[in-house]
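# Overview (structure and organization)
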Amino acid sequence: MATAILLPASTPQDYHRIVSPTLTIPSDPSISIPVGLLACQRDPLLRSLETTIVSCSVHQPPPSPAGKKSKKTVISPALPSDPVLEVILHDTVIFPEGGGQPTDTGLITTHPDGTIWRVVQAKRHGGHAVHYVRVETGDVQGAVLALFPGRSVGVSLNDEDYGRRYDHMSMHTSQHLLSALLETHLGLPTLSWSLTAYPSPCYVEVPRGMSKEEVSSIQDIANKLVFEGRRVHVEVQELDRQGEAVPKAESGREIGKGLPDDYTGGVKRVVVIDGVDRNPCCGTHLPSLYNLQLFLFPHTEALSRSSTTSARLYFLAGPRLIYHLTSTHQFLTDTAVTLSCGPPLVPERVNQVIEERKKAEKRIGDVEAELAGCIAKQLVNEMSTSTTFFKKYIHRTDDSGNVLGFLSSIASSVSNGGASISYIIILTSSPSSQSISSTTTVLVLGSEDAKVKHVGNELRCQLEIRGGGKGQRWSGKFNGVWKEAKEGARIGEILVLLE
C-alpha cells in the first residue's frame with residue numbers, strides 16, 4: 001500500500017497529554033502498559049520500539065459460537081494455519097484492534113539473535129494488547145522458549161505495516177472530522193461507522209439521507225479546516241465508569257459506542273481536533289489535518305429498518321483518495337481509448353453506444369423472429385406432405401444470448417401452423433466454439449404429450465441431458481462438447497424407435 005504523503009519526522013511533544021494528576025505510565029518492564037497508554041497511541045508516527053516480553057502462551061482458537069453468527073464490524077486479517085502464539089509486551093507500536101479501527105500488523109525481533117517474528121494480529125484482551133505471533137517453523141515449544149518473559153525485543157512496523165497504519169489513521173481522523181461537522185452544522189449524529197478494507201470507501205451512518213447541497217457544504221467546511229492544518233491531540237485521564245453514558249437518538253437507538261464492558265485498562269482517551277471536536281476514542285490519529293483532503297460521495301445510501309430509515313455517507317481521504325483518483329482516471333482514459341474519443345466526450349459516446357446497441361438488439365430480434373418463422377414454415381410444409389407420423393431432428397449453431405428463446409419461437413410458430421398429423425420434433429443448438437464447459441440447448445415439441453415425455457426421458461437417460469417439461473414441450477441442457485456423429489446420431493436412433 002503506497003503512502004504518497006510526506007509526514008513530519010516526529011509527533012509533536014504535546015500530542016499526548018495526561019490530564020489526570022494521579023495517572024502515570026507504568027515503567028516496570030514486567031507488567032504491560034494498558035491499552036490507552038500504549039506507545040502507538042502516545043506517538044502514532046513511531047515505527048519501532050525496544051521493549052520486553054511480559055508473557056507468552058499458545059493460542060487456542062475459541063469454539064465456534066452456536067446459532068446465528070453475529071456481524072463483525074471490523075475485519076481482521078485471517079489467522080494463518082501455522083501455530084500462533086499470544087504474546088504480551090511491556091509496550092508496543094502495534095495497535096490492537098479497537099474503536100472501529102482494525103488491527104495493525106508488524107514484527108517482533110528477539111535480541112541478541114535477531115530472529116524476526118511476524119505479528120499477524122493484535123487484539124485487546126481486557127486492558128492488555130495481545131500480539132498474535134505466527135510460528136512459521138511449526139516448532140511451538142521452541143517458539144515459546146524463545147519468547148520467554150523478560151526477554152528484550154524490538155517491536156516495529158515495516159513499510160507495508162506502516163502503510164496499513166497510515167491508511168487507518170487517515171480514515172479514522174477524517175471520520176472524527178466528518179462526524180463532528182455533520183452534527184454541529186446539520187444536527188446529524190453519527191449512528192455508526194465502518195473502516196472498510198483498503199481501498200474501499202469508508203462510511204458513516206446518519207439518521208436520514210442528505211441532499212447534494214448538504215454533502216457539498218460539509219465537504220467544503222471540512223477541507224477549509226484541512227487547509228488550515230488544524231492540530232489534533234489526545235487527552236488521557238483515569239476512567240470513571242459511573243460517569244460514562246452512551247447517548248441515544250429520539251428513536252431510542254444508541255448513537256455510537258461507549259467503552260467496551262470488558263475494558264480493564266482504567267484509562268479514558270479523548271481525541272481533540274482543535275476548535276472542532278472532542279470525542280472518546282482508543283484509535284490512532286494523525287497529529288494534524290494536513291494532507292487529509294476529504295472527498296464525500298455526492299449521494300447517500302438509504303438503509304431501511306423496522307422503526308427508522310437511516311443512510312450511509314461514503315467518504316475517502318489520504319491514500320484511499322489518491323488511489324481512487326488514480327484508478328478512476330485510468331478507467332476513464334482506458335474507456336476513452338476504447339471509444340476513440342477524448343475523456344470529456346466519454347458520457348456522450350457511452351450514451352450513443354447504448355442507443356446503437358438497443359437498435360441493434362431490436363434488429364437482431366426482428367431477424368431472429370423472421371428466421372424462426374421461416375424454419376417453422378418449412379417444417380409445417382414438410383408435415384403437410386407426410387402421410388405418417390412425422391419425426392424430425394434439427395441441429396443449429398448459435399452464439400446468441402437467448403438460444404432457448406429462439407428455439408421456442410420456432411416451436412410456437414409450428415404449433416400455430418395447424419399441423420394435421422401427429423409429429424415430434426427435436427431442436428438442438430450449440431455454440432460455435434465448444435469446450436467441456438459448453439452448453440447445448442435442447443427443445444422437444446410434439447402433438448402428443450405422452451410421446452414428448454417419452455422422448456425427454458430417453459434424452460435424459462441416454463445423453464444425460466438435464467431438463468423437464470409439461471404438455472407438448474420439453475427442454476433441457478447438455479453439458480460438454482456436442483458431436484453430431486455421436487449425440488446427433490443417438491437422437492436419430494431415439495426417433496427411429498419412436499412409434
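Residues numbered from 1 in each chain as written. Predicted model: local features only at pLDDT ≥ 70, side-chain atom pairs only at ≥ 80, totals over all residues. Heavy atoms only, no water.

## Topic: the overall build of the protein chain
- The helix and strand tally for the protein chain stands at nine helices and 19 strands.
- In summary, the protein chain has a C-alpha radius of gyration of 34 Å against a globular reference of 23 Å for 499 residues, an excess of more than 25%.
- Summarising its shape, the C-alpha atoms of the protein chain cover approximately 110 × 60 × 50 Å along the three principal directions.
- The buried share of the protein chain, taken over its 499 residues, is 44%.
- Across the protein chain, contacts joining residues at least 24 apart in sequence account for 72% of those joining residues at least 6 apart.
- Entry remark: accessible area of the protein chain is about 25900 Å², with carbon and sulfur atoms responsible for 53%.
- Of the charged side chains in the protein chain, 49 are positive and 52 negative; the average position of the first set lies 5 Å away from that of the second. (Helix = DSSP H or I, 4+ residues; strand = E, 2+ residues; numbered from the N terminus. Rg over C-alpha atoms; globule rule 2.2 N^0.38 Å. Buried < 20%, exposed > 50% of the residue type's maximum accessible area, 1.4 Å probe, protein only. Contact = heavy atoms within 4.5 Å. Areas by Shrake-Rupley, 256 points an atom, 1.4 Å probe, with all protein chains shown as cover. Lys, Arg positive; Asp, Glu negative; His and termini not counted. Charge placed at Lys NZ, Arg CZ, Asp CG, Glu CD.)

## Overview of the packing of aromatic side chains
- The final tally for this structure, using the stated rule, is four aromatic pairs.
- When the ring of Phe478 is compared with that of Trp482, the centres are 5.2 Å apart and the planes differ by 90°; the resulting orientation is edge-to-face.
- Above the plane of the ring of Phe389 lies Lys451, whose end atom (NZ or CZ) is 5.3 Å from the centre. (Phe/Tyr/Trp six-rings, centres within 6.5 Å; stacked < 30°, edge-to-face > 60°. Lys NZ or Arg CZ within 6 Å of the ring centre and 35° of its normal.)

## Notes on the nonpolar core
- Counting 71 residues, the largest nonpolar core has Val87, Ile108, Leu177, Leu178, Leu182 and Phe315 as the members making the most contacts within it.
- Tallying contributions element by element places helix α3 (residues 159-186) first for this core, with nine residues.
- Residues contacting Leu182, with those up to four places away along its chain left out, are Gly187, Leu188, Val204, Val206, Met210, Ile218 and Leu313.
- One finds Ala372, Ala376, Ile410 and Leu445 within the second-largest nonpolar core, a separate group that totals 19 residues. (Core = buried A, V, L, I, M, F, W, Y, C linked by side-chain atoms within 4.5 Å.)

## With respect to helix α7 (residues 403-415)
- Between its terminal C-alpha atoms α7 stretches 19 Å, which fits the 18 Å expected from 13 residues at 1.5 Å a residue.
- Buried residues of α7: Val403, Phe406, Leu407, Ile410, Ala411 and Val414, and no others. The buried residues of α7 occupy an angular sector of 140° when the element is viewed end-on, so they sit on one face.
- Those residues of α7 hidden inside the fold are in contact with α6 (346-384), β15 (390-397), β16 (423-430), β17 (439-446) and β19 (473-479).
- The distance from a side-chain oxygen at the start of α7 to the backbone nitrogen of Gly405 is 3.1 Å, and the residue carrying that oxygen is Asn402. (Expected span 1.5 Å × (residues − 1). Arc of directions from axis to C-beta. Polar contact = N/O pair within 3.5 Å; in protein donor to acceptor, adjacent residues only side chain to side chain.)

## Details of empty space enclosed by the protein
- What the rule picks out here adds up to one cavity of 30 Å³ or more.
- Residue lining of the largest cavity: Ser32, Ile33, Leu38, Leu89, His90, Asp91, Thr92, Ala129 and His131, and that is the complete set.
- A per-class count over the lining of the largest cavity returns four nonpolar, four polar and one charged. (1 Å grid on protein atoms, 1.4 Å probe; cavity = no way out; pocket = protein on both sides within 12 Å on 5 of 7 lines; lining within 4 Å. Points joined across faces, edges and corners; volume = space filled by probe spheres on them. Nonpolar A, V, L, I, M, F, W, Y, C, P; charged D, E, K, R; others polar.)

## Looking at the packing of helix α8 (residues 449-463) against helix α9 (residues 484-496)
- Taken N-terminus to C-terminus, the directions of α8 and α9 make an angle of 140°; their axes are 11 Å apart at the nearest point. As far as their axial angle goes, α9 and α8 are oblique. In terms of crossing hand, the pair formed by α8 and α9 is right-handed. For the pair formed by α8 and α9, the contact residues are Glu458, Leu459, Gln462 and Leu463 on the first element and Glu487, Arg490, Ile491 and Ile494 on the second.
- In terms of residue class, the contact of α8 with α9 is built from four nonpolar, one polar and three charged. (Axes fitted to C-alpha atoms, helices over the stretch in contact; angles between N-to-C directions. Parallel < 35°, antiparallel > 145°, perpendicular 65-115°, else oblique. Left-handed = near helix turned anticlockwise from the far one by under 90°.)

## What about the sheet that holds strand β11 (residues 267-273)?
- Pairing within the open sheet is mixed, and its four strands lie in the order β1-β10-β11-β12. Pairing within the sheet leaves two strands with one partner each, and these edge strands are β1 (16-18) and β12 (277-280). In this sheet, adjacent strand axes meet at a mean angle of 25° when their direction is disregarded.
- Pairing geometry for β11 and β12, over four bridges, is antiparallel. Bridged to Val270 within β12 is Pro280.
- Against the sheet, α3 contacts β10 (232-238), β11 and β12, and its axis sits at roughly 70° relative to β11. (Pairing = 2+ DSSP bridges.)

## With respect to helix α5 (residues 318-339)
- Taking 1.5 Å of rise per residue, 22 residues should cover 32 Å, and α5 covers 32 Å from first to last C-alpha, within 8% of that figure.
- Those residues of α5 not exposed but buried are Gly318, Pro319, Arg320, Leu321, Ser327, Ala336 and Leu339.
- Those residues of α5 that are buried lie in contact with α3, β9 (202-206), β13 (295-304), β14 (309-316) and α6.
- Backbone geometry just after α5 places Ser340 at a positive phi near 55°.

## Section: the side chain of Glu487
- Tracing the chain through its elements places Glu487 in helix α9.
- Among buried Asp, Glu, Lys and Arg side chains, Glu487 stands out as unpaired, with Lys486 the closest opposite charge at 4.3 Å.
- If sequence neighbours within four positions are ignored, Glu487 has contacts with Leu463, Phe478, Val481 and Trp482. (Salt bridge = Lys/Arg side-chain N within 4 Å of Asp/Glu carboxyl O.)

## Remarks on the packing of α6 against α7
- Their axes nearest at 8 Å, the elements α6 and α7 cross at an angle of 45°. As summarised for this structure, α6 and α7 are arranged oblique, according to the angle between their axes. Considering only the axes of α6 and α7, their crossing is right-handed. In this structure, α6 uses Glu368, Leu371, Ala372, Gly373, Ile375, Ala376, Leu379, Val380 and Met383 to contact α7, whose residues at the interface are Phe406, Ser409, Ile410, Ser413 and Val414.
- Broken down by class, the residue content of the contact of α6 with α7 amounts to ten nonpolar, three polar and one charged.

## What to know about the pairing of strand β6 (residues 128-134)
- Most of β6 sits out of view: five of its seven residues are buried.
- Where strand β3 (residues 84-89) meets β6, five bridges bridge the pair, whose relative direction is antiparallel. Its bridge partner being in β6, Glu86 is matched across the sheet by Tyr132.
- Connecting strand β5 (residues 116-125) to the next strand, β6, in antiparallel fashion are two residues, including Gly126 with a positive phi near 70°.

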